[in-house]
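# Close look at the chain arrangement
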Amino acid sequence: MLKKLLLDVLFPISCVGCHREGIFLCDRCMAGVKISDRSHDDLPQYIDDMLILFEYEKKSALAQLIHDFKYRFSFEIKSSIDVLLSSRIDCIKEFFGDAIIVPVPLFKKRLKWRGFNQAELIAEIIARVTGRPLVHILKRTRHTAPQAELSREARLTNVSGAFVMGKNVTLPRTVVLVDDVTSTGSTLSACAHALKSAGVTTVRGFALARGA
């Protein structure tokens, strides 16, 4: 990918926290990533349970890592995400149980522009470590503005009705939706609404980090 090669030349690989060369997130900065321990009493609509691993604190190493993952087209950052997920492997396995893994889809034009779906890459790692199947049964029907650029109120309407079930898919009983960052839970809620409207019984939500 030409734009990625240019970015790598302009911005060589270094730790997003301390700028140590040759690695995206060094062991020291990784150890400083804040684990999310907040309860989920106020779940997003249509979501039956929720697991968020870390806190997305502004200007933190994790915030920069996820930003570069999405906007610097740094596919290689997946290795650092893999290590972060592996550090919470026990709670991940317990939460996913016997569920089917479904990544939050990107709209086709954004997927073509970025070259990959970051939620799908996270879901692939989880599928590998849990042994649970990953399926693509959701489709995004229209382009939506990036949620991070909107107010909490606008995020709800931005993704309303933006997802549908694919055609001729086997309907799972229990699904875990996977996303990179969630704040209001509006994207997960919109996805869950599409799944439950099609007949899925239980929908849980998973995110690598909780945003503001």
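All values derive from a computational prediction rather than experimental measurement.

Turning to the overall build of the protein, a few remarks are in order. When you go through the protein residue by residue, the secondary structure sums to nine helices and six strands. Across the 212 residues that make up the protein, the buried fraction comes to 49%. In the protein, 72% of the contacts between residues at least 6 apart in sequence involve partners at least 24 apart. Approximately 11,000 Å² of the protein is accessible, and the part contributed by carbon and sulfur atoms is 52%.

Moving on: the packing of aromatic side chains. Enumeration according to the criterion identifies three aromatic pairs in this entry. Aromatic rings pair up to connect Phe 95, Phe 96 and Phe 206 into one cluster. Over the aromatic face of Phe 54 sits the side chain of Arg 88, whose NZ or CZ is 5.9 Å from the ring centroid. A cation sits over an aromatic face here: Arg 204 above Phe 95, 5.9 Å from the ring centre.

Counted under the stated rule, the structure contains five salt bridges. A salt bridge links Glu 55 to Arg 210; its shortest N-O distance comes to 3.3 Å. Of this pair, Glu 55 sits in strand E1 (residues 49-55) while Arg 210 sits in strand E6 (residues 202-210), placing them 155 residues apart in sequence. Each member of the pair Glu 55 and Arg 210 is classed as buried. Across the pair Asp 82 and Arg 128 runs a salt bridge, and its minimum N-O distance is 2.5 Å. Pair noted here: Asp 82 is in helix H4 (residues 78-86) and Arg 128 is in helix H7 (residues 118-130), with a separation of 46 residues, a long-range link. Residue Arg 128 is classed as exposed on the basis of its relative accessible area of 52%.

In a beta sheet, neighbouring strands are held together by backbone hydrogen bonds and run either parallel or antiparallel to one another. Ordered by their spatial adjacency, four strands build an open sheet running E1-E6-E5-E2, and the pairing between neighbours is parallel. A strand with exactly one partner marks an edge of an open sheet, and here the two such strands are E1 and strand E2 (100-103). Sheet twist, expressed as the average angle between the axes of neighbouring strands with direction ignored, equals 20 degrees. Along the sheet, helix H5 (residues 89-96) contacts E1, E2, strand E5 (174-182) and E6; its crossing angle with E1, the most-contacted strand, is approximately 165 degrees. Where H7 meets the sheet, it contacts E2, E5 and E6, and its direction lies at approximately 130 degrees from that of E5.

Bringing the nonpolar core into the picture now. Counting 38 residues, the largest nonpolar core has Leu 25, Leu 65, Ile 81, Leu 85, Phe 96, Ile 126 and Phe 206 as the members making the most contacts within it. Counting only elements with at least two residues in this core, the list comes to helix H2 (27-31), E1, helix H3 (61-71), H4, H5, H7, E5 and E6. The greatest single-element share of this core, amounting to six residues, is contributed by H7. Those residues in contact with Phe 206 that lie beyond four places of it in its chain are Leu 51, Leu 53, Leu 85, Ile 92, Phe 95, Phe 96, Ile 122, Ile 126, Val 176, Leu 177, Val 178 and Asp 179. Of all hydrophobic cores here, the second largest spans 23 residues; its members include Ile 47, Val 159, Leu 177 and Cys 191.

So, on to the environment of Pro 103. Along the polypeptide, Pro 103 turns up in strand E2. In this structure the C-alpha to C-alpha distance between Pro 103 and Phe 206, which are 103 residues apart in sequence, comes to 9.4 Å. Residues within four places of Pro 103 in sequence aside, it is in contact with Ala 119, Glu 120, Ala 123, Leu 134, Val 135, His 136 and Val 178.

This part is about the environment of Asp 90. Here Asp 90 is to be found in helix H5. Taking relative accessible area as the criterion, Asp 90 reaches 62% and is therefore assigned exposed. Between the alpha carbons of Asp 90 and Thr 130 there is a distance of 9.6 Å; along the sequence they are 40 residues apart.

About the cut-offs
- Residues numbered from 1 in each chain as written.
- Predicted model: local features only at pLDDT ≥ 70, side-chain atom pairs only at ≥ 80, totals over all residues.
- Heavy atoms only, no water.
- Helix = DSSP H or I, 4+ residues; strand = E, 2+ residues; numbered from the N terminus.
- Buried < 20%, exposed > 50% of the residue type's maximum accessible area, 1.4 Å probe, protein only.
- Contact = heavy atoms within 4.5 Å.
- Areas by Shrake-Rupley, 256 points an atom, 1.4 Å probe, with all protein chains shown as cover.
- Phe/Tyr/Trp six-rings, centres within 6.5 Å; stacked < 30°, edge-to-face > 60°.
- Lys NZ or Arg CZ within 6 Å of the ring centre and 35° of its normal.
- Salt bridge = Lys/Arg side-chain N within 4 Å of Asp/Glu carboxyl O.
- Pairing = 2+ DSSP bridges.
- Axes fitted to C-alpha atoms, helices over the stretch in contact; angles between N-to-C directions.
- Core = buried A, V, L, I, M, F, W, Y, C linked by side-chain atoms within 4.5 Å.

Remember, this is a structural readout, not a statement about activity or role.
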